[in-house]
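# Working through the structure, step by step
Each chain, letter by letter, is given below.
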Amino acid sequence: MNLANYRSKKRKSNASGGSPDGEVVRVRTPRKENGEVLATVSSLLGANRVRLQCMDGVVRMGRIPGSKKKRMWVREGDIVIATPWEIQDEKADVIWKYTRPQVNWLERKGFLK
């Protein structure tokens, strides 16, 4: 491959993940019919496991499924949507992570207390 003729096109990156002006257009909310709850990541346990403080008052061990492992980087303090297991209520799957503008929208609309 001849690198002398190779030109890379630089894209404008948007660090917030939303629209360029920081306004949130659409935010996914937890679906109660599926048993989804909002949760805050309190600690990272390793091996794709996290400790979740759920909005329903239960502390659960969360698991990041393999399909979301590489796409969703979770840190302490992040707001996520978790689906509790039917068999063991103290465990849950993490299915969604909110960005900072989305968290601000959730606070303004009263989802986070």
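Use the structure listed above.
To start, this report covers the structure provided alongside it.

The rules behind each value
- Residues numbered from 1 in each chain as written.
- Predicted model: local features only at pLDDT ≥ 70, side-chain atom pairs only at ≥ 80, totals over all residues.
- Heavy atoms only, no water.
- Salt bridge = Lys/Arg side-chain N within 4 Å of Asp/Glu carboxyl O.
- Helix = DSSP H or I, 4+ residues; strand = E, 2+ residues; numbered from the N terminus.
- Buried < 20%, exposed > 50% of the residue type's maximum accessible area, 1.4 Å probe, protein only.
- Phe/Tyr/Trp six-rings, centres within 6.5 Å; stacked < 30°, edge-to-face > 60°.
- Pairing = 2+ DSSP bridges.

## Describing the pattern of salt bridges
What the rule picks out here adds up to 5 salt bridges. Note that D93 and R63 form a salt bridge whose closest N and O atoms lie 3.0 Å from each other. With D93 in strand β5 (residues 91–97) and R63 in strand β3 (residues 59–63), this pair connects stretches of sequence that are 30 residues apart. K97 is paired through a salt bridge with D78; the nearest N and O atoms lie 3.8 Å apart. Of this pair, K97 sits in strand β5 while D78 sits in the loop between α1 (66–69) and β4 (79–84); the two residues are 19 residues apart in sequence, bridging distant segments of the chain. A relative accessible area of 8% places D78 in the buried class. Each of D56, R60 and D89 takes part in a single network of salt bridges with overlapping partners.

## Some details on the packing of aromatic side chains
What the rule picks out here adds up to 1 aromatic pair. Relative to F111, the ring of W105 lies with its centre 6.0 Å away and its plane at 20°, an arrangement referred to as stacked.

## Comments concerning the pairing of strand β2 (residues 49–54)
Only one face of β2 is buried, namely the one carrying V50, L52 and C54, since none of R49, R51 and Q53 on the opposite face is buried. In this antiparallel pair of consecutive strands, strand β1 (residues 37–46) and β2, the connection spans 2 residues, and A47 shows a positive phi of 55°. In terms of strand pairing, β2 meets β3 through 5 bridges, oriented antiparallel. Bridge pairing links V50 to G62 in β3. Hairpin connection from β2 to β3: 4 residues lie between these consecutive antiparallel strands, with G57 at a positive phi of about 90°.

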